[in-house]
Structures are given as structure tokens and as C-alpha cells.
Amino acid sequence: MISERDSETTFEEDSQPNDEVVPYSDDETEDELDGRQPGAELGPNQTSRDAEENRDPGKKDCSWQVKANDQRFYDQPGFKRTIFLCFKKSKYAGNAIKTYKYNPITFLPLNLFEQFKRAANFYFLVLLILQCIPQITTLSWYTTLVPLLLVLGITAVKDLVDDIARHRMDNEVNNRMCDVIKDGRFKATKWKDIKVGDIIRLKKNTFVPADILLLSSSEPNSLCYVETAELDGETNLKFKMALEVTHRHLQEESALADFDGLIECEEPNNRLDKFTGTLSWRNSNYALDADKILLRGCKIRNTDFCHGMVIFAGADTKIMKNSGKTRFKRTKIDSLMNYMVYTIIVVLILLSAGLAIGHTYWEQQIGNSSWYLYDAQDCSPAYRGFLNFWGYIIVLNTMVPISLYVSVEVIRFGQSYFINWDLQMYYAEKDTAAKARTTTLNEQLGQIQYIFSDKTGTLTQNIMNFKKCCINGQRYGDCRDAAGQLQSHPEQVDFSWNVYADGKFLFYDHYLIEQIKSGKEAEIHKFFFLLAICHTVMADTSDGQLHYQAASPDEGALVTAARNFGYVFLSRTQNTITISEMGVERTYDVLAILDFNSDRKRMSVIVRESGGNIRLYCKGADTVIYERLHPRNLKTEATEEALDVFANETLRTLCLGYRDISQDEFEMWNKKFMEASLATSHRDEALDKVYEEIEKNLTLLGATAIEDKLQDGVPETISRLSKADIKIWVLTGDKKETAENIGFSCDLLTEETAICYGEETSALLQTRLENQRNSAGSSPHSSLRMNEPFFQGSRDRALIITGSWLNEILQEKKKKKKKLKLKFPRTAEEKKKQTEKRRRAEAYKEQQQKNFVDLACECRAVICCRVTPKQKAMVVELVKKYKKAVTLAIGDGANDVNMIKTAHIGVGISGQEGMQAVMSSDYSFGQFRYLQRLLLVHGRWSYIRMCKFLRYFFYKNFAFTLVHIWYSFFNGFSAQTAYEDWFITVYNVLYSSLPVLLVGLLDQDVSDKLSLRFPSLYVLGQRDLLFNYKKFFISLLHGAVTSLIIFFIPYGAYLKSMGQDGEAPADYQSFAVTAASSLIFVVNFQIGLDTSYWTFVNAFSVFGSIALYFGITFDFHSAGIHVLFPSAFQFTGAAPNALRQPYLWLTMILSIAICLLPVVAQRFLSMTVWPSESDKIQRNRRKYLLEEQQWKRRQSAFRRGVSARRSAYAFSHQRGYADLIASGRSIRKRRAPLDAVLAGSGTGSGDTRDTS
């Protein structure tokens, strides 16, 4: 029997996730989902058809109306929204971007409000108010006011500096210029002044300022080429195309000024790849889709100018909608520190209450009966005890360290500048330095447990290089001379014989060049001819140079390689292609282009050659090509061996083949092809079926090997971070095969790694979930079994999962709402059942998500591919939620912003075209490899310094404050202070602050080189070993013992003693000076013992603080200052009189020795008997330094010759430009002849690119 609960969570059998497609957009409506078949991939024309079918302006998703050149249109009441009471504002956002927090008017009140939200600051404000009440004050008001003003002032200045930087960045963007039609003419206008409905003109290499509808451009059919590096980090060009009607009628300035079209479209949303709307103009409606929209952040490329109409501006643009909610980030230490401050406040209240009770008792027993203590106030002992409670709150207030927060801010500020100044994190190629964009998270860098990384532009350079090839069973690409002999020293091939060579192509096999030049091998000619003709690349010329526009960098690399080897793609028309073959230009008729898609994994062209024969050229993944080869191919085994060799070197492979086609066969096939092309439904499926009929019986030509170039140092960085027990997950929108290939390239995956895919993962999780349901409420032994690992054995494992499977497994998949016939009114029982059903479904969903995180965390590496920006953030959030782990996300595009904001630490890769990720990040630098230094050096040092600082800070404050408590037992619990008021005021500010600040800024247990050499040192921070509640209470106990020694040793020594001159040195003021002097020596020598890295500055700060104490004390105790301020300085002559007594110096030396000698002994024993790993490394640092000098840096440990796997080739994420080429829309009507363009190169080729 199948229960109801089973049916709720069992996955749908008929909706198997598709690994090739990115799942639904982040906020698709139910209606949109209803219209999509499960797992189906949208064809290139589907969006337009969807737009045409959903043209009802009254629909909820088409409620956004934009009218061109008519700002009064937006003043209608229907376009206003209420912001407060009766105040209304336009629902259309302005184009100005605002990231700053303050302005000159709001800075002071807002900043003070934010600062007093901190418990400690508010506590001291209350304390200051209490000190102004004469009946309870025991300390002067200035003892609290001076430190409080210092804390508030320093924090305010830091916030002001940060906000000024944000103002500057906002102004830089908002004040960019753009041409906007105003009063019938194009006028230069600032971005911030652009409004919805404006008509704007954009020029080549400028950024798009808002989301705009493309109206026309300088290109044929108003094509516009854009680079989306700002959005997704990819630098390959994508094209957009205007409506035919706007292309024809909106080219001139006057026509654009008179344009009055009305757009009705969806509300602003975060769907980068989807847009639905209608343009109403001249009594006609025109469907709009994403191919006609230019998004803010794109860059205009290879298009002289274009015109557009603003649809979404500022905060409504898709790039801003994708940036996610800005989260306030705080470190684990921050949270722990706050809890410790709360603990101290509770302890303070309890101590004050206990001492107040003691005073009440003392008053009853002694105070009332002692006539000489009468103060003319007839108050009851209970009331006096109540007043003393507040008195002790004031006296013991230094237990809550007011200077703690400002000291922490100063340390973080300094550490941030050390990151900014680190020359070893400076990327010279892009002139990009590392930058700490926040100053509050430095120590968290030393506690990272999970890293979530984007792939494209983060791990890779998104640059493809042609490295090797196999032609007719012969491998080429090794370092060989012209005779085919291997060379020990690589010598670059000279391509100067080829006028079309691009000068950047590197190749080292001279033998292949000789074979090409000789022309003896027909297969070599066919091989490179195929590369030059079988593609959807488009050519363009500028500044006398030939440039290619490719749908993917892979395809661009192959055409560029053919170009350098002498087979140069020059131009194309709608049905011809012109190629220079070893200097001879020929034009071929292109009969058909069989474009690539992610299911076919191949593309073909059918061309008619000069002799009239028809030939099909095909390239694709090795698996699909081998399935379609003629049985009599002779070189399959040799090519298979070459593919294995290339795979060992982690190169991306591709097979090439061809076949001759008779005229009759082509004509029959072409008839089917035309029918499929004109199909109104399921066009893509029909075309794929027709393609299958012709792509068969191929003759194998060979294979290519392309390197998907990683950034420098990526494998070494990942290896080092793994040794630091940091798990690395790759979250990418790329294809599964591509992501897997990069995983092998950068050593995330190895040949020994057992890879678990989506289907297997789903089965494991489903089994675990069923077992958990069945064991619910059963014996405790079964629940223990539920916590067993998913994988048995210690084998290295990795998880590779696609976005579709991720939605399926995490039960995030949006399902069609079923229209249920409900009974009205619904009974209470039915409502209860519905509520219970929903609650149970949520519980199962949460359990499934927890199980997934547990399973994924058992794997050494996780790769999530074909995921949306929202899914990236969701994966990070799940690990934060269920593992309570510290996470770091690193990326370079706008699609990574949500993930960067969700993680505890966000890192942006700067120096690329896209800066959106950097603007949202906490730290930025130019290359992924700098991440190891950021974490293992700066992060670890920051964590160690901060922990050492906090432990010592709490210690010195307890040692200072608890002396008052011991003194209370000898003064009738009267809340009298054990020290002078001015000593209490400046103790934390001057006498003990500088040494600990310098330790927090400069201390290091081992050098940066040793930190990188021994990554295992990093685990201290991950396990919170250096600062936790245990360490806090140890500091409290240490401070309490120190305070006991500082009080009772002088007390015992003075009890029955007499000075040399017959004066009694045991008066209150002498005792206060002795205790204070002992305290200053002890706390400053203690920080000396805690310092691992001594410099002149540290030594000066320790001894300078002691000297400063004596200098200020002698000034405050002088007769001169007492004469000027008699009520404020009452310890006249106390220090000079007391400190000339040798007896007191001996007392201080005894106190200091008893405090510090046990600490010295404990440190000695721990370093010799129980040394930590850093102690061992410190002990052997000279040996390691010698090894470092002798050791020569080896070549990158890049895995070669190990893997037996094959990489799958990826042309692009979507279809190429085949539809565009076949339609003729991309071809210019007039072109300058190539011989005119390349006249300086000595070529005399004719104009083969003119279609007329």
C-alpha cells in the first residue's frame, strides 16, 4: 500500500532532469512554467512565439508601460505608489545608483544611532548618565566621557572614510555621459539623468547605461554585438537584433525624436535570459523578446553606434535585480565577543549586587554605631546598599572594556592596509592590486572551511589555445624540428611567411609546417580546410586587421589556428564563404549549415567545391563522430590513441570527418531540410532528425586538442588549500563536460576520484529519506544508523551535479498548480489536514536538503554546473545553515554577485572587463592564485593576532578591575576606588594600549613563506582553538590571580612596616601608587611574553608605555597641577614620596616576579614537552630557510600523462550564428575590398565579400 506521504515526496518519473539545460529562471511565474515541457530546451525562435502568444496587455506580467519621448505620460496617477501616508512616488526608478549610507545632514544622527545600537556603547552612555548623579557617583564623569568620545570619534571617522569612497564610486558611474534625445536633438547627458522612455545613442566600446530596447544600429539589419563580461565574466561576443520595422524607420535623428511607440512588458525582474513584451506603434503590435534587449552592464563591441529606448532604469535593471540583498556581515569572533561582553555585564551586576549586600550588612553592624562616620544623612542601611550597588556598577565598569571595540577597529583597519600593500598579490599585467573593500572581516579569513568558486574567468582565463592535433593517425604539436626530430629546447615556429598570421599564436612543431608547405599530404589540406570552413564565425576588419567574432572561444581558437597555418577564413555571405588557401583565395557555395546544439554535440557544413562536387564537413565530440564513421576507416585506432594522449594532458578534444555526397542524394535531403526549416512546431527536433540522415558514413580526418587555459597557479592553489582542510566547490553555469574537464585540469578531480552524478545522488538520498521515515519513532539504534556515512570506505570521492538535478533533489522544482475542486465552506478537519500536509512536506524538504549537504560534504570536491545565480546562492546558504561552517565565495561576473553576498566572505576577481562582482565583494584581487596568500598568510595571521589581542585585553582588564573588589573587604564595601581617578581614566587609553595594539597588527608566529609551505597550520582557526569560552575563562582566572597578587602582596608588606625615614608608607595614596605601578609592569611584561615576533617598535612600545606611566604620574602628582586644579588632582606628592622608598620597589619586584615566573615556567614546559606545530616550525625555521635558498622552484605540478578520460568538446552554451548567417541578416551590403584593406601586406586579392 502506498501511503499519502510517499506520494508527496516521490520524484516525478516523467520529468527526468536534463543535464544540458539551465533550470527555470529565478522567479518564473507559474503560467510560464505551465507552458514549458519538462526538461525541454527552448529553441531560438521559441521566445518570439511565446511573446506573440501572450500578447494580452491586461495580463499581470505585462503591466509595465513605457512610452517613448513622453515624460508627462509617467505623471498619471496609475503610475504612482504610496511611500508614506499620502506621499506618493513614481514607480519608475531613476537611473542613479546609490550605495552610500550617509549624506552631510544624516551622517551625525545616523552614525550615532548605529553606534549606540552596540551594547557596549549604549552601556557606557547609561554609565555616563549615572556618573552625573551625585548620590551614587564614585568616579568623576570624565573617566567615562573621555574614552567614550574617543571610541565614537574613531569609529565615526572610519565610517566616514568608507562612505566617502562609496560616494566617489557612485559618482563615477552616475556621471558617465551618454547621448539622449532632448528637445528633438541628441544631447550629452549624465547617466543619473536618464529616465524611462528616453531615446539614447550608444557608441562602440561604451557601456549600456540601462536596460534598453534596441531600435537601430550601424550594422546590417540593425545587429548589435555586445560583450557580457560585466554580467557573466565571458568575453565572447553575443549579438542582438532590432525589429525590422524600427530598423527601417528609426535611423535618422528626426525620426527617433518623433518616435512615440508604447511598450507593454513584464515588471522588472532578475531574469537575464528572458523578456516578454509588446511594442505598439502605428496601429500595429510587435512581439519583443530577450534578443532585442540590451542589458545594463553590457559593452557595445564591433558596432559603430546604436539607438535604444530605456525600459528599465537604475534599481529596476536586471543587473541590479540580480545583485541580491546586501547582507550585514560579521565574524564569528564578533558574535563571540558580544556574548562575552554580555557575560561580563552579568558578572558585573552579580558582583555589584553582592558587594552592595556586603555594604548593607556592614552599615548595620559597624557603620551605624561609628559616630565618626556620620554624614548627616539619616538613610537606612538598605538604601545605602542600593546606592552602593550603582556605585559599584560605576567603579567596576572597566570590566566591560570600552576601548575594546575601537582597538579591534584599529587592528582590522591596519590589517586591511597590509592586504592592500601586499606586492605579492599585485597583478602587474592588469595593474591590479589586492584590495580589502571591508575592514570588519579580516580574522574570518583565517577560519574558512568551504570555498565556492565560479569557473569562467575565475579558475580559467576563458582563453582557448590550439595545442596539438592528429591528422590521418599522425600526431603533431610536440617540439620537433623540420625533419621531425624531437628538440630538447622548444623553438617557436616563425609564421612570417603568412601575411594573415595574427602574431599571437604559439606553436613549436616545425615538422607540421613543413608538411603543410610541401602540399604532399592531401589529408592535411582537408584537415585545415575543414577548420577554416566548418564554423559559424563571422569576420570583420578594423585598422587593417582581420578580426573574428565567434559564438564561443573554442570555435574562435580553431579558426584562428587554421588562419595561422595558411587556411584563412576571410569573409562570408548568406550562401558563400571565402577562404585563402596557402595564399590562393577561393569562394565556395555553402549549401547548408547544420548548427551545433548541446544534444547533437557536433556541427556540419555542406559546400559545393570548385569542381562541382558536394562535400559535407563535420566536427564534434569524439563519441558522436565515431558513431557516424564509415566501417572501413583505417585510422580509427591511431586516432583513438592520440585522443587518449590528449586526454592525459587534460586537453579538450574534437574529431573531424567528411563525406562526399551525390547531387541526387543532396537534392532529396535538401527537400526534407527545407520542410523541417519551415515547421511551425517542434522545429528543432525536426531539424535534428533531418541532420541525422546526412551525417553518416564519415571518413575520419583526425582530431584537435585545445587547452582551456587555466589562470596561472590554479592547480597549486587548490592543492595547497585542500591541505589546509578547506573544501572547494565549483558552481558554474557551464556545461557538465566542460566543468568536469576543468575539475581534472585544476586537480580538483584525479584519476583515483570516484565521481558521483545526479542520478546516483538522487537514488542515495531517496533511500536515506525513506529509511528515515521508516525509522521515525523506532529504536535509538536505527536513528544512529541514519547518521552513518553515505559512502563506505576511504576512497576519494567527488560530486558532479547539474542545476536541473539540484532542483529535483532539493525539491525546489516549481510544479504546475492543479486546479482542485474544493468544497466550500471547508471544514476545520480539512483545514487541519491541509496544514499538517504542508508542514510534513516542509519537514521532508528540510530533511532532504540536510541529507544532500551531508552527502556533498563527504566528498572531497563538488562541482555544480548549469546552475542559475539564485541556485549558487542557495547552495552556499544550505552549507551555512546545516554545517554552521564559515564560507567564502569567489567570482568575477554579475551572475556571482548573489553568491558573493550570501557567503560569509565574498571575493571578486578584478582586472577583467566585468566589475560587478568586485563592487559587491569584501575583498578583490586580479588572479585566483592570490587566494592562497589571502587565506593562509593574511587570514591566518589576522586570526592569530586578533585572538591573542582579545585574550590579553580581557586579562589586563580583569587584572586591573578586580583589585577594587579585594579592596572592598577593607573599606566597608563603600565603593571607594583602589586607584587614583586619573589612572583609571587613562589606563586603557595610554598605559596599556600600544603594546597590545602592535601585537594585534604585527605579530606572526611563522613567516609568510612557512605559512604557505605548511598549510596544516591553518586548521587552528577552523576549529576555533585560539579564542573560545574556555580561553575567555582562562583569561578571567589569570586576571583574577594577578589582581590578588597585586593587591595582597603590597597589603601584607605594608601591614606592619615603617619607611627608612620613619614615615609610614602604608597610607592609601602610597598603596594606590604601589598597586598601580606593579600592575603597569606586570601587564606590559606579560604582553612581552605573548609576543612571538619582536621588532624595535614592539620593544619601544612596551618600555615606552612604562616610561609614559611614570612621566604622567609624576606630572599628575605634582604640586603645580594641584594648584591649578585642586579638586581634580588630589594625590599631591604621593608618587614622588612613595617611589623613593626602596622597600616599595622590593615589594613591586616581588609582586611582578610572583605574577610572571609561573607564566614563564608554563610557556617553557609547553614549548619543550608539548610543542604545537607552529612551535616545531619556529624551532626549525633556520633549517627551512636554508632549504628555501637551496630549493629551485619547479615547474607547475600540472598533471600530465595520468588521466585516461576524454574531455567533451563544447562549442558554446547555445546555438551558434548559423540561423543568422543563413538569413543573410548579418551581411553588410557594401564592404571595402580586402586587397585595399591589406594593401600594406602585399596581397592582391579581389573583393570576394561583396554580395551584390
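Sequence positions are assigned chain by chain, starting from 1 and proceeding in written order. Local features in a predicted model are, by the rule used here, given only for residues with pLDDT of at least 70; side-chain atom pairs are given and counted only at 80 or more, and totals for whole chains, interfaces and linings are based on all residues. Side-chain calculation: all heavy atoms of the structure are included, whereas hydrogens and water are not.

A. Representation of the overall build of the chain in the model. Tallying secondary structure elements over the chain gives 44 helices and 35 strands in all. Any residue under 20% of the maximum accessible area for its type is buried, any over 50% is exposed, and the rest in between are partly exposed; the area is computed with a 1.4 Å probe on protein chains only. Relative to its 1252 residues, the chain shows a buried fraction of 54%. Considering only contacts within the chain whose residues lie at least 6 apart along the sequence, 75% involve residues at least 24 apart. As displayed, the chain has an accessible area near 55,700 Å², and 55% of this comes from carbon and sulfur atoms. Helix and strand assignments follow DSSP, with helices taken as H or I runs no shorter than four residues and strands as E runs no shorter than two, numbered in order from the N terminus. By the convention used here, residues are in contact when the closest approach between their heavy atoms is within 4.5 Å. For every accessible area listed, the method is Shrake-Rupley and the probe measures 1.4 Å; residues are considered covered only by the protein chains on display.

B. Region of interest: the UniProt feature "active site" (unreviewed entry) in the chain. UniProt positions are given in the numbering used here, feature names are shortened, and annotations may be inferred rather than shown by experiment. When the UniProt feature table is mapped onto this chain, "active site" (unreviewed entry) is found at Asp454. Within the secondary structure layout, aspartate 454 lies in the loop between strand E17 (450-453) and strand E18 (460-471). In this structure aspartate 454 comes out as buried when scored by relative accessible area, which is 2%. For aspartate 454, the contacting residues outside a window of four places in its chain are Leu459, Leu731, Thr732, Lys872, Ile890, Gly891, Asp892, Asp896 and Met899. Two N or O atoms count as a polar contact when they lie within 3.5 Å, although within protein this holds only if one can serve as hydrogen donor and the other as acceptor, and sequence-adjacent residues are included solely when both atoms are side-chain atoms. A distance of 3.3 Å separates the side chain of aspartate 454 from the side chain of lysine 872, its partner in a polar contact.

C. Here's a closer look at the packing of aromatic side chains. When the centres of two rings from Phe, Tyr and Trp lie within 6.5 Å, Trp using its six-membered ring, the rings pair. Their planes under 30 degrees apart give stacked, over 60 give edge-to-face, and anything left gives tilted. For the structure on display, the rule yields 70 aromatic pairs. Summarising the aromatic geometry, the rings of tyrosine 102 and phenylalanine 107 are spaced 5.2 Å apart at their centres and angled 90° between planes, so their arrangement reads as edge-to-face. The buried category is assigned to tyrosine 102, whose relative accessible area is 3%. The class of phenylalanine 107 is buried, set by a relative accessible area of 15%. In textbook terms, an aromatic cluster arises when at least three aromatic residues are bridged by ring pairs, as seen for Phe960, Tyr979, Phe983, Tyr987, Tyr991, Phe1081, Phe1085, Phe1103, Tyr1109, Phe1110 and Trp1145. Charge over a ring is defined by NZ of Lys or CZ of Arg lying within 6 Å of the ring centre and within 35 degrees of the ring normal. Above the plane of the ring of tryptophan 191 lies arginine 176, whose end atom (NZ or CZ) is 5.0 Å from the centre. One cation-aromatic arrangement involves arginine 768 over phenylalanine 790; the distance from NZ or CZ to the ring centre is 4.0 Å.

D. Representation of a nonpolar patch on the surface within the structure. To count toward a patch, a residue needs a relative accessible area over 30% and no salt bridge; like charges are then connected within 9 Å, while nonpolar side chains (Val, Leu, Ile, Met, Phe, Trp, Tyr) are connected within 5 Å. Think of a salt bridge as a Lys or Arg side-chain nitrogen and an Asp or Glu carboxyl oxygen that are within 4 Å of each other. Residues Tyr339, Tyr342, Tyr1029 and Phe1033 make up a contiguous nonpolar surface patch of roughly 430 Å² in combined accessible area. Breaking the nonpolar patch down by element, the ones donating at least two residues are helix H11 (332-365) and helix H35 (1029-1054). Along the chain, phenylalanine 1033 turns up in helix H35. On the accessibility criterion, phenylalanine 1033 (43% relative accessible area) is partly exposed.

E. Looking closely at unusual backbone geometry. The backbone phi angle of aspartate 725 is positive, close to 65°, even though this residue is not glycine. With respect to the secondary-structure elements, aspartate 725 resides in the loop between helix H21 (714-723) and strand E29 (727-731). Relative accessible area serves as the criterion here: at 46%, aspartate 725 is assigned to the partly exposed category. Residues other than glycine seldom take positive phi values, yet aspartate 1024 does so here, at roughly 55°. If you trace the backbone, aspartate 1024 turns up in the loop between helix H34 (1019-1022) and H35. You can call aspartate 1024 partly exposed: its relative accessible area is 22%.

F. Broad picture of the sheet that holds strand E35 (residues 923-925). The mixed open sheet is built from nine strands, whose spatial order is E16-E35-E34-E33-E17-E29-E32-E31-E30. Each of the sheet's edge strands pairs with one partner strand only, and the pair in question is strand E16 (435-436) and strand E30 (754-756). Note that strand E31 (residues 797-802) and strand E32 (residues 861-865) share five bridges and pair parallel. Counted as the bridge partner of isoleucine 801 is cysteine 864 from E32. The angle between two axes is taken between their N-to-C directions and runs from 0 to 180 degrees, where each axis is a line fitted to C-alpha atoms and a helix contributes only its stretch in contact. This element, helix H22 (residues 736-745), spans E30, E31 and E32 of the sheet and lies at about 155° to E32. DSSP bridges decide pairing: two strands pair if at least two such bridges lie between them.

G. Layout of the environment of leucine 698. For leucine 698, the position within the fold is in the loop between helix H20 (683-694) and strand E28 (699-710). Judged by its relative accessible area of 0%, leucine 698 is buried. Sequence spacing of leucine 698 and tyrosine 626 is 72 residues, and the spatial spacing of their C-alpha atoms is 8.7 Å. With residues up to four places along the chain from it excluded, the contact list for leucine 698 reads Leu616, Cys618, Ile625, Arg628, Leu629, His630, Asn633, Tyr658 and Arg659.

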